[in-house]
Amino acid sequence: QSALTQTASVSGAPGQSITLSCTGTSSDIGGHNYVSWYQQHPNKAPKLLIYDVNNRPSGISNRFSGSKSGNTASLTISGIQDEDEADYYCSSYMSSRTVVFGGGTKLTVL
Amino acid sequence: HLQLQESGPGLVKPSETLSLTCTVSGGSISNSRYYWGWVRQPPEKGLEWIGSIYYSGTHSGNAYFNPSLKSRGTTSVDTSRNQFSLKLTSVTAADTAVYYCARHEYLYYFDDWGQGTLVTVSS
């Protein structure tokens, strides 16, 4: 199974809104509404930000939102802050009852 | 508040078997709503799902694995200790990574993670 495709890096100034993309296929993102997003700070465990395409777990800021169109999922961070500088990974359930992650996007806050 | 903690050797020799255990506290591993999974991250690289297992009542239930690791991996549940385990055979340097255990909502998303443990494969 191939990893989902994410842009390697993205940057933005504080207060800006940015959108991270995650592209898969009809066997993963396009075929199921089970896309999740994780934030990972250096030397820390990943943290769930979004599940089932657009749901936020309790305690996650509403600055984070998710969406999906066809085989591409997106994570939008509104009003980015210094603490948002981290790596972001998307993941999707696959038809074969497996799970695939994206390669990750490094967000730099300028 | 659910907590997960990985444990196991930090150094494994090539061709040997990597064995890790995840101890769960603050919740029961017997909760039939959840799978229990393993994810790894090689140094400076991205996340890779290894496999996840579901406890089905009287014994370790269905387990699903990354196809690229299926031939070398097994996972099991020990409800008496509230633990689940991973074994990966015939390891090589490519298996060097931080290994995370996590609670898996079916196979849809990981909602709680351990802190991770670094396993280095080297002679």
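Relevant structure appears above.
1. Considerations on the overall build of chain A
And then number 1: Summing up its helical and strand segments, chain A has 0 helices and 10 strands in all.
And then number 2: Sequence-ordered secondary structure for chain A, helices as α and strands as β, is β-β-β-β-β-β-β-β-β-β.
And then number 3: In terms of overall size, chain A behaves like a compact globule, its C-alpha atoms giving a radius of gyration of 13 Å where 110 residues would be expected to give roughly 13 Å.
And then number 4: Here the C-alpha coordinates of chain A stretch approximately 40 × 25 × 25 Å along the principal axes.
And then number 5: Per-residue burial over chain A gives 45% buried out of 110 residues.
And then number 6: Within chain A, contacts between residues separated by at least 24 positions form 58% of all contacts whose residues are at least 6 apart in sequence.
And then number 7: As displayed, chain A offers around 4,900 Å² of accessible surface, 43% of which is attributable to carbon and sulfur atoms.
And then number 8: Of the charged side chains in chain A, 7 are positive and 7 negative, and the gap between their average positions amounts to 7 Å.

2. Topic: the interface of chain A and chain B
And then number 1: Each partner contributes residues to the interface: chain A has 18 residues there, and chain B has 22 residues.
And then number 2: Taken as a group, Arg97, Val99 and Phe101 of chain A account for 31% of the area that chain A buries against chain B, more than any other trio of residues on that side.
And then number 3: In this structure, the connection of chain A to chain B is made through 0 salt bridges.
And then number 4: Where chain A touches chain B, the interface holds 6 residue pairs in polar contact (both at pLDDT 80 or more).

3. Quick word on the pattern of salt bridges
Residue and element names in this part refer to chain B.
And then number 1: Across all of its chains, the model carries 8 salt bridges over all chains by this definition.
And then number 2: Among the salt bridges present, the one from Asp78 reaches Arg81, with a minimum N-O distance of 3.9 Å.
And then number 3: Residue Asp78 is classed as partly exposed on the basis of its relative accessible area of 28%.
And then number 4: Across the pair Asp111 and Arg103 runs a salt bridge whose closest N-O atoms are separated by 2.9 Å.
And then number 5: Overall, the relative accessible area of 14% leaves Arg103 in the buried class.

4. Some points on the pairing of strand 5 (residues 48-55) of chain B
All names here are of chain B.
And then number 1: With 6 of 8 residues buried, strand 5 lies mostly within the body of the structure.
And then number 2: Bridging between strand 4 (residues 34-41) and strand 5 involves 6 bridges; their strand directions are antiparallel. Following the sheet pairing, Gly37 is matched in strand 5 by Ser52.
And then number 3: Two successive antiparallel strands, strand 4 and strand 5, enclose a turn made up of 6 residues, where Glu44 displays a positive phi of approximately 60°.

5. Some details on the environment of Ala8 of chain A
Residue and element names in this part refer to chain A.
And then number 1: Within the secondary structure layout, Ala8 lies in the loop between strand 1 (5-6) and strand 2 (9-12).
And then number 2: Given the relative accessible area of 58%, Ala8 is considered exposed.
And then number 3: With 95 residues separating them along the chain, Ala8 and Gly103 place their C-alpha atoms 7.6 Å apart.

6. Some details on the packing of aromatic side chains
Describing an aromatic ring pair means giving the distance of the ring centres and the angle of the ring planes.
And then number 1: Evaluated as defined, the whole model comprises 17 aromatic pairs over all chains.
And then number 2: When the centroid spacing of 4.8 Å and the interplanar angle of 70° are considered together, the rings of Tyr106 of chain B and Tyr108 of chain B count as edge-to-face.
And then number 3: On the basis of relative accessible area, Tyr106 of chain B is assigned to the partly exposed category, the value being 21%.
And then number 4: Through successive ring pairs, a cluster of aromatic residues spans Tyr34 and Tyr93 of chain A together with Tyr35, Tyr54, Tyr64, Tyr106 and Tyr108 of chain B.

7. Quick word on the side chain of Asn82 of chain B
Residue and element names in this part refer to chain B.
And then number 1: Within the secondary structure layout, Asn82 lies in the loop between strand 7 (73-78) and strand 8 (83-88).
And then number 2: A polar contact of 2.8 Å, which involves the side chain of Asn82, links it to the backbone nitrogen of Ile29.
And then number 3: When near neighbours in sequence (up to four residues on either side) are disregarded, Asn82 contacts Cys22, Thr23, Val24, Gly27, Ser28 and Ile29.

8. Digging into the environment of Pro42 of chain B
And then number 1: Among the secondary structure elements, Pro42 of chain B is positioned in the loop between strand 4 and strand 5.
And then number 2: Each C-alpha atom, one on Pro42 of chain B and one on Tyr99 of chain B, is 8.6 Å from the other, the two residues being 57 residues apart in sequence.

What counts as what
- Residues numbered from 1 in each chain as written.
- Chains lettered and ligands numbered in written order.
- Predicted model: local features only at pLDDT ≥ 70, side-chain atom pairs only at ≥ 80, totals over all residues.
- Heavy atoms only, no water.
- Helix = DSSP H or I, 4+ residues; strand = E, 2+ residues; numbered from the N terminus.
- Rg over C-alpha atoms; globule rule 2.2 N^0.38 Å.
- Buried < 20%, exposed > 50% of the residue type's maximum accessible area, 1.4 Å probe, protein only.
- Contact = heavy atoms within 4.5 Å.
- Areas by Shrake-Rupley, 256 points an atom, 1.4 Å probe, with all protein chains shown as cover.
- Lys, Arg positive; Asp, Glu negative; His and termini not counted.
- Charge placed at Lys NZ, Arg CZ, Asp CG, Glu CD.
- Buried area = accessible area lost by both parts, 1.4 Å probe.
- Salt bridge = Lys/Arg side-chain N within 4 Å of Asp/Glu carboxyl O.
- Polar contact = N/O pair within 3.5 Å; in protein donor to acceptor, adjacent residues only side chain to side chain.
- Pairing = 2+ DSSP bridges.
- Phe/Tyr/Trp six-rings, centres within 6.5 Å; stacked < 30°, edge-to-face > 60°.

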